[in-house]
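Descriptive analysis of the structure
Below are the chains, spelled out letter by letter.
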Amino acid sequence: MAVKHIVESQQFTLPRIMELFERTELMKKIVARGGTRDYDNKIMATLFYKPSTRTRFSFESAMYRLGGKVLSTEQATEFSSEIKGESIEDTIQIISNYCDAIVIRHHEEGAAKRAAGVSPVPIINAGDGSGGQHPTQALLDLYTIYNECKTLDGLSVAFIGALDQGRTVRSLAYLLSKFDRIKLYFIAPDEMQIKPDILEHLDEKGVSYQLANSTEGILERVDVCYQTRIDKDRLNNANFDLSPFNIDTNVLKRMKFDSIIMHPLPRSVEISPAVDSDPRAAYFRQAHNGLYVRMALLSMVFDA
Amino acid sequence: MAVKHIVESQQFTLPRIMELFERTELMKKIVARGGTRDYDNKIMATLFYKPSTRTRFSFESAMYRLGGKVLSTEQATEFSSEIKGESIEDTIQIISNYCDAIVIRHHEEGAAKRAAGVSPVPIINAGDGSGGQHPTQALLDLYTIYNECKTLDGLSVAFIGALDQGRTVRSLAYLLSKFDRIKLYFIAPDEMQIKPDILEHLDEKGVSYQLANSTEGILERVDVCYQTRIDKDRLNNANFDLSPFNIDTNVLKRMKFDSIIMHPLPRSVEISPAVDSDPRAAYFRQAHNGLYVRMALLSMVFDA
Amino acid sequence: MAVKHIVESQQFTLPRIMELFERTELMKKIVARGGTRDYDNKIMATLFYKPSTRTRFSFESAMYRLGGKVLSTEQATEFSSEIKGESIEDTIQIISNYCDAIVIRHHEEGAAKRAAGVSPVPIINAGDGSGGQHPTQALLDLYTIYNECKTLDGLSVAFIGALDQGRTVRSLAYLLSKFDRIKLYFIAPDEMQIKPDILEHLDEKGVSYQLANSTEGILERVDVCYQTRIDKDRLNNANFDLSPFNIDTNVLKRMKFDSIIMHPLPRSVEISPAVDSDPRAAYFRQAHNGLYVRMALLSMVFDA
């Protein structure tokens, strides 16, 4: 029943999600009173094969607030000057001697699962492959919705962007399907729509959804708008107009007064900085929640 | 009155400089007895867009001696694998969730000020742009002069090198102008002389100064010789003779017995290693002072 | 008598090796009970001019388990954006202000010795140059043999690989020559055989040895098989068959039931992953010992 590794969103049952949220609330209190030393004999290693300072800092800060210590790689691809391409299994079997948990970000889908297969210490997946998993992001997204909307039942959520490659969107859609009376909207250029496997899962679970290629008529009614970035280079037509997918103060006017806008960040042009000061802009609060949710997840694997 | 951010030398009034020097003396005592744990619930992040191991280690060591924790980037340009060129404002709004102070080094002039404009936690400028500010270097330089010469009034100080681009020279000249009966010498190839804005400031403050393109007749009389590096590639004439600007044991003979030689380091050929063993060579002591001054500055922003 | 710097294997006399092994046993107990805080006012800097995450993490974890703090470089070649090629002496004289010990890995043979020549704090050589020294690796290798075989006297040890460039092999052969009735085998393609200086040393010490270019008839009788990697690009003949130097389950069948296989890692094809599950595969235990031996070495320089 204990959580050994955190590899994919599918591990998280409803009771475990509720346990996570309770721990997250506790972590807020712990940080407010200056952190804890409860885990001061624990060492966490961040093994990042793709640099991501924000995600790395989020985990490392979480570990520090828990009282622990951090072994850090900014760019593990330059892992060794002697050999290129050591197997992830060998690397993990060595690094696990030096720490009590490994947070791994890797360019290959499934890398975290392979790592977990050989590791005597907990593996936490901080993103593997563009089509892979990023469960801690999905969980902090879910917590943010819960914290902002005070419920997860009965919500309407719109996802916007390059949904075919969006691992956070895929994972979050999966997690949301566990809740009652959810309605999902997937808004993307046709060539970047969400893949059928997710839709099949939603059909199985009886979750209502709609595909669209414009925000018109949808953003007016949703509780949550989850915006992501579209890489213009991926579009077949360089003149494709992306502006209907962007959020600016005009789009904001069409949204409900108690809705929220989320984004996994970093953003490019898809949310105007003018939106930041609106109380519905939840993306910086979302990033802040990353600290508490990751503290909660670390405490779960250490306490397991 | 409290110091929130440390962005530019101009923030430091005479009383604040004196407070800093008192705190610096205290920090020497604290280090001598093995450091303190007073700030053990604080996290400092070093966000270095240009690598500088010496400056980064200086800050990180200061934080450790204060009992605190460190989030570190060696090369933040590779900030994210997903997007190039996120705005400094967005980056700071996220990173500030994970720490209690951010030390930033950036290639763009004014980056630290922009960061301070949006940051809920203190920003400390560790150098922004070649023509920008590097206030902690200027303050440790000023402290070194004070500590070596036991006064800051009535001193003669010569600056040597590519003074048009020397942000440490500019900031230090500015700070020295606050003291009485200062005499400054700016020794550089004509095309690299100090820029008029600094001279205008000195005129306003009634500080006496002289421009020169040779050390002859000047180094014989100064209390402080502040040497910097000249990048030979910048000279229009590749055959330009830089040797009159260098310091070796012969030049040393011309200097006063109680004068000092400073350098922000790293050095190239402009100070001969044979000078190192002379008691007037103060540059390694200057680097050491960086630890204490940065501890003092960190304590000032945390106590504010 | 105290150990100030750890620069080369030759420093380690038999009594000192025994002291190291006793401290190593103690460190195992300390880690088992969650580490110590005895060195919590100490800062160790890792100055790695060549990246090696495994060696760096091994030292940093050792320092954390001792209660200390860590200043870290992943790739110190990008030491400064301002100047390329500052002398190692200048760098050390500055960095030593910020820490209590410096662990250095450098591409130039002799770099650690030069660093030790100017450093007021202990220097620990984590590998300098491909033909240079890597004393902490040699010591953990020696400890592993001692720990696995319960003695260092009377052992037969085979070294396999590109022995001309193998600094760990050279250092370990040197250390083994201190013990009684040692028999060494050097198995390599002729063009990569061990260099004469080591053989001369063995002759002087009266150590028995044999050169070979096949494992046939040798692996059957050794207590320790120390495998290393052969870089195929270095062979004059691209069609040279390296398979006789590799270890797979068939080779394993020829080895004694109580022998061990070691490797400094990372490995390429020279040991088949199928060998890993055999109890004689000692290379992951060897990596684990790196933690305890490095803790012991750090405690020796801090206690000196």
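Residues numbered from 1 in each chain as written. Chains lettered and ligands numbered in written order. Predicted model: local features only at pLDDT ≥ 70, side-chain atom pairs only at ≥ 80, totals over all residues. Heavy atoms only, no water.

Another aspect to go through is the interface of chain A and chain C. Quoted interface sizes are often the accessible area lost when the parts come together. If you look at the interface, chain A gives 29 residues, while chain C gives 28 residues. Counting across the chain A and chain C interface gives four salt bridges. Here C:Arg54 ties to A:Glu86 by a salt bridge, and the two come within 2.7 Å at their closest N and O atoms. Sorting the residues of the side of chain A that touches chain C by element identifies β1 (43–48), β2 (69–72) and α3 (88–95) of chain A as the ones contributing at least two each. Of the residues belonging to the side of chain A that touches chain C, the class tally is twelve nonpolar, nine polar and eight charged. (Contact = heavy atoms within 4.5 Å. Salt bridge = Lys/Arg side-chain N within 4 Å of Asp/Glu carboxyl O. Helix = DSSP H or I, 4+ residues; strand = E, 2+ residues; numbered from the N terminus. Nonpolar A, V, L, I, M, F, W, Y, C, P; charged D, E, K, R; others polar.)

A few words on the relation of the copies chain A and chain C. Mapping one chain copy onto the other needs a rotation about an axis and a shift along that axis. Mapping chain A onto chain C calls for a rotation angle of 120° and an axial translation of 0.0 Å; the resulting RMSD is 0.0 Å. Seen this way, the second copy is the image of the first under a three-fold rotation axis. Considering only C-alpha atoms, the part of chain A nearest the rotation axis is A:Glu74, at 4.3 Å. (Least-squares fit on C-alpha atoms with pLDDT ≥ 70 in both.)

What follows is about the nonpolar core. Core analysis: the largest hydrophobic core is formed by 113 residues, its most contacted members being B:Leu142, B:Ile145, B:Phe159, B:Leu176, B:Leu184 and B:Phe186. Not counting residues within four places of it along the chain, the set of residues in contact with B:Phe159 comprises B:Val169, B:Leu172, B:Ala173, B:Leu176, B:Leu184, B:Tyr185, B:Phe186, B:Ile187 and B:Tyr226. (Core = buried A, V, L, I, M, F, W, Y, C linked by side-chain atoms within 4.5 Å. Buried < 20%, exposed > 50% of the residue type's maximum accessible area, 1.4 Å probe, protein only.)

This paragraph deals with the relation of the copies chain C and chain B. Note on the copies: chain C fits chain B at an RMSD of 0.0 Å, the axial shift is 0.0 Å, and the rotation between them is 120°. Interface overlap between copies: only 3% of the residues of chain C at the interface are likewise at the interface in chain B, consistent with a contact formed by different surfaces.

Moving on, we get to the domain arrangement of chain A. All names here are of chain A. By domain assignment, chain A separates into domain 1 (9–133 + 290–298) and domain 2 (135–286). Each of domain 1 and domain 2 was reduced to a C-alpha centroid, and the two centroids are 26 Å apart. Taken together, the 28 residues of domain 1 in the interface contact 22 residues of domain 2. For the pair domain 1 and domain 2, the two sides together bury roughly 2,100 Å², of which 63% comes from carbon and sulfur. Along the contact surface separating domain 1 from domain 2 lie zero salt bridges. Inspection of the region where domain 1 meets domain 2 yields seven residue pairs in polar contact (both at pLDDT 80 or more). The set of elements that each furnish at least two residues to the side of domain 1 that touches domain 2 consists of α1 (14–32), α2 (53–65), β4 (123–128) and α9 (283–303). Considering every element that reaches the side of domain 1 that touches domain 2, the biggest residue donor is α1, with eight residues. (Domains from an automatic or database assignment. Buried area = accessible area lost by both parts, 1.4 Å probe. Polar contact = N/O pair within 3.5 Å; in protein donor to acceptor, adjacent residues only side chain to side chain.)

A few words on the sheet that holds strand β6 (residues 183–187) of chain C. Residues and elements named next belong to chain C. A sheet is described by the order of its strands in space; here five strands give the open sequence β7-β6-β5-β8-β9, paired in parallel fashion. The open sheet has two free edges, formed respectively by β7 (208–212) and β9 (260–262), since each of these has just one partner strand. Direction aside, neighbouring strands of the sheet carry axes that sit 15° apart on average. Where strand β5 (residues 156–160) meets strand β8 (residues 224–227), four bridges bridge the pair, whose relative direction is parallel. Paired with Val157 across the two strands is Val224, which belongs to β8. Packed on one face of the sheet, helix α6 (residues 167–176) meets β5, β6 and β8 and runs near 165° to β5. Running at roughly 150° to β7, helix α7 (residues 196–205) makes contact with β6 and β7 of the sheet. (Pairing = 2+ DSSP bridges. Axes fitted to C-alpha atoms, helices over the stretch in contact; angles between N-to-C directions.)

This paragraph deals with the sheet that holds strand β5 (residues 156–160) of chain B. Residues and elements named next belong to chain B. Here we have five strands laid out as an open sheet, ordered β7-β6-β5-β8-β9, and parallel in their pairing. Either end of the sheet is taken by a strand with one partner, and the two such strands are β7 (208–212) and β9 (260–262). Each neighbouring strand pair of the sheet contributes to a mean axis angle of 15°, computed without reference to strand direction.

A few words now on the packing of helix α6 (residues 167–176) of chain A against helix α7 (residues 196–205) of chain A. All names here are of chain A. Axis separation between α6 and α7 bottoms out at 10 Å; the angle between their running directions is 5°. It follows from the interaxial angle that α6 and α7 lie roughly parallel. Between α6 and α7, the residues in contact are Arg170, Ala173 and Tyr174 and Asp197, Ile198, His201 and Leu202, respectively. Residue composition of the contact of α6 with α7, grouped by class: four nonpolar, one polar and two charged. (Parallel < 35°, antiparallel > 145°, perpendicular 65-115°, else oblique.)

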